[in-house]
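Okay, here's what each chain looks like letter by letter:
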Amino acid sequence: MPAKSTTRPAAEKAARPSSTKPAAKKPGGAAGAKAGKKAGKKAGKKAGKKAGKKAGKRRPESTSASKPAKKSARTPAKRPATKPATKPAKAVTKAAKKAATKPAKAVTKAGTKAVTKAATTAVTTRSSAPAKTPTQTATRAAKATLRIPLEQARALWCRKQGLTRPASSGGLDHAALLESHGCLRTLGGVDVYFAIRARAPGATRASIDAACEAGAIRVTPAARGCIYLAPARHVADYMALAAALQRPRTDRDLARAGATRDEVDVLAATALEVITRRGAPLTTAELRAALPASALRSLGDAGKRVGLSSLLPVALRELEFTGRIERALAGGRLDTERYLWRPAARAVGALDVGDLALPLAAIAHRCLEWFAPITVKQLATWIGVSQRDIKAALAGMQVLPVTIEGHADEAWLLARDLDELVELREAPPREYLFLPFADTLLAIHDGPAVHVDPAHHGVRVKTWGGRGKEEPLGAVNHLGHRPLLLGDRMVGLWEYSPRTQTVVARLFDGAPPRGTKAALATGCQQLAAFIRDELEHARSFSLDTDERVQARADELSA
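Each chain carries its own residue numbering, running from 1 in the written order of its sequence. For this predicted model, a pLDDT threshold of at least 70 governs which residues receive local features, and a threshold of 80 or more governs which side-chain atom pairs are given and counted, while totals over whole chains, interfaces and linings are taken from all residues. No hydrogens and no water enter the side-chain calculation; it runs on all heavy atoms of the structure.

### Regarding the packing of helix α18 (residues 376–383) against helix α19 (residues 387–395)
As a packed pair, α18 and α19 sit with axes 9 Å apart at the nearest point and diverge in direction by 110°. Looking at the two axes, α18 sits roughly perpendicular to α19. Where α18 crosses over α19, the handedness of that crossing is right-handed. Two secondary-structure elements touch here, α18 through V376, K377, L379, A380 and I383 and α19 through Q387, I390, K391 and L394. The axes used here are C-alpha line fits, helices contributing only the stretch in contact, and every angle between their N-to-C directions lies in the interval 0 to 180 degrees. Counting from the N terminus, the helices are the DSSP runs of H or I reaching at least four residues and the strands are the DSSP runs of E reaching at least two. What sets the label is the angle itself: under 35 degrees gives roughly parallel, over 145 gives roughly antiparallel, 65 to 115 gives roughly perpendicular, and the rest give oblique. Handedness of a crossing follows from how the near helix is turned relative to the far one, being left-handed for an anticlockwise turn of less than a right angle and right-handed for a clockwise one. Note on contacts: a residue pair is in contact if any heavy atoms of the two residues lie within 4.5 Å.

Right, here's the structure in full:
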């Protein structure tokens, strides 16, 4: 035993009389034999420890050799091979603690086994793929880094937005279309119809309006508090998000206007009673006239400074957020910002209007289904929350980081979509797509530049809200004209001319690519007939006019 070998020589030395010729100096003597044996034990133990460390780092090997090995059979040394086995667990624990602040570590180091397995498989099995396919490298920690060209990301964006293989007219389900490809912005104009037709060419105005009236799809406050057309199943989350975003701002405005929440609650109860008793949907003006004179009070100059002449708009929002009333379309059409209020005919689910985390997690996950790969900043901007909130939401999901060459160093993709992205090697079919003003495809990824050939980035175009200002296409965030795509590339602009009742298109190259001239002419004719016969106008938003529409068409014809 180690204790015996260390204490025995000291005891013998104390009991032995001193001598002028120590036995240790006698060659071949007993002391020399003991010293040699002790040195052998020490050397053997050291050699065994060194061999153990080496085996732990590489792989188990046979270490049976010499006498010290026999001694180690009775007193086994520590096995360093067990030490590296604990490192992955420590790495997982450490990364898991940082999951809330660094989603990448939460997924690639500590997260789901399925994600790691999928990423590792992609790295190990596709490393010999042609240069045009995604290239992946694995770090020592088995962390997969996916790097893809912009062309591949663009193709996936179009597929996720339903623009690769637009739905046919047969058996069209508008709610399923929005659930699969995302909610659509309504601006009080006809562009929401264009957005649906780009994804489902067989859709008619009557079929879309009927789906709204039936409640399958609904107009609702959603991202950033703006009004969107969404499937009924998603309305509860959008209401909760809009309420959580607006509550703090509303409370500040009420305080500045000298009003209280109690006043709002009393007015909301009175308004609900009037709406329920009337039996027919009411406009905001009709409801105001039907309320008792004592129910409303003017907020005076203090209210005007914060944009509140009375508490009625706040009361209506509270009733809508809590699912007690709902919007109906004035005239039964989507091209309006005039809404009717009626008792809620369909439950929207339980809403916690003070909690942001729950609806945000659901909406952020859907955004990854519709828009990925997408950056944290883009998600935060589109939804209307902070990047910190988005990172917290991503930390609870199975996502992977993606580098998009020439666009984003770190974008995010659902892990389950990895195989779809890696196998995606073909651009969308070369079909013309007449997108609406402010279509989500272009708005979500920092403007149209990523969809435009770099050779055309210098083309000067009108910007939205710029009062006639022109900017290079590569720097524009919001176009002043409607975009025209060929496949996944934006190749020009289009508008409708009320005077000639035709669709006017201007291509950046001056002429359509070879073999596509007839397809462009057919697309323009079909869209012009839809606008003329079904929509009856082409105004983009509630304050737009036919004169402005014609002016935009003339700009493209010049």
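Still more to cover.
### Notes on the sheet that holds strand β13 (residues 482–486)
Note: two strands are recorded as paired if DSSP finds a minimum of 2 bridges between them. One open sheet holds the four strands; their spatial order is β10-β13-β14-β15, and the pairing between them is antiparallel. Among the strands making up the open sheet, the edge pair consists of β10 (432–434) and β15 (502–507). With strand direction ignored, the average angle separating the axes of adjacent strands in the sheet is 30°. The pairing of strand β14 (residues 489–497) with β15 spans six bridges and is antiparallel. When the bridges of β15 are listed, Y496 appears paired with V503.

### Observations regarding the packing of aromatic side chains
The pairing test for Phe, Tyr and Trp rings, Trp by its six-membered ring, is centres within 6.5 Å, and the orientation test on the planes gives stacked under 30 degrees, edge-to-face over 60, and tilted for anything in between. All chains considered together, the criterion is met by seven aromatic pairs. With 5.1 Å between their ring centres and 70° between their planes, W464 and F541 make a pair best called edge-to-face. Separated by 77 residues along the polypeptide, W464 in the loop between β11 (460–462) and β12 (470–472) and F541 in the loop between α22 (517–535) and α23 (546–557) bring together distant segments of the chain. Classification of W464 as partly exposed rests on a relative accessible area of 44%. In textbook terms, an aromatic cluster arises when at least three aromatic residues are bridged by ring pairs, as seen for Y228, W370, F371 and W382. For a Lys NZ or an Arg CZ to count as sitting over a ring, it must be within 6 Å of the ring centre and within 35 degrees of the ring normal. Over the ring of F530 we find R197; its NZ or CZ atom is 4.1 Å from the centre of that ring. One residue, R482, lies across the ring of W494, its end atom 5.3 Å from the ring centre. Summary of the burial criterion: residues with accessible area below 20% of their type's maximum are buried, those above 50% are exposed, and those between are partly exposed, where the area comes from a 1.4 Å probe applied to protein chains only.

### Details of the sheet that holds strand β4 (residues 217–221)
Strands sit in the order β3-β5-β4 across an open sheet of three strands; the sheet is antiparallel. The two strands at the open ends of the sheet, each matched to only one other strand, are β3 (184–185) and β4. The sheet contact formed by β4 and strand β5 (residues 227–231) spans five bridges and is antiparallel. The residue of β5 that forms the bridge with I217 is P231.

### Considerations on the environment of R489
Topologically, R489 is positioned in strand β14. Distance from R489 to L433, taken between C-alpha atoms, is 9.7 Å for residues 56 residues apart in sequence. Among residues more than four places away in sequence, those in contact with R489 are E151, R154, H451, D453 and L484.

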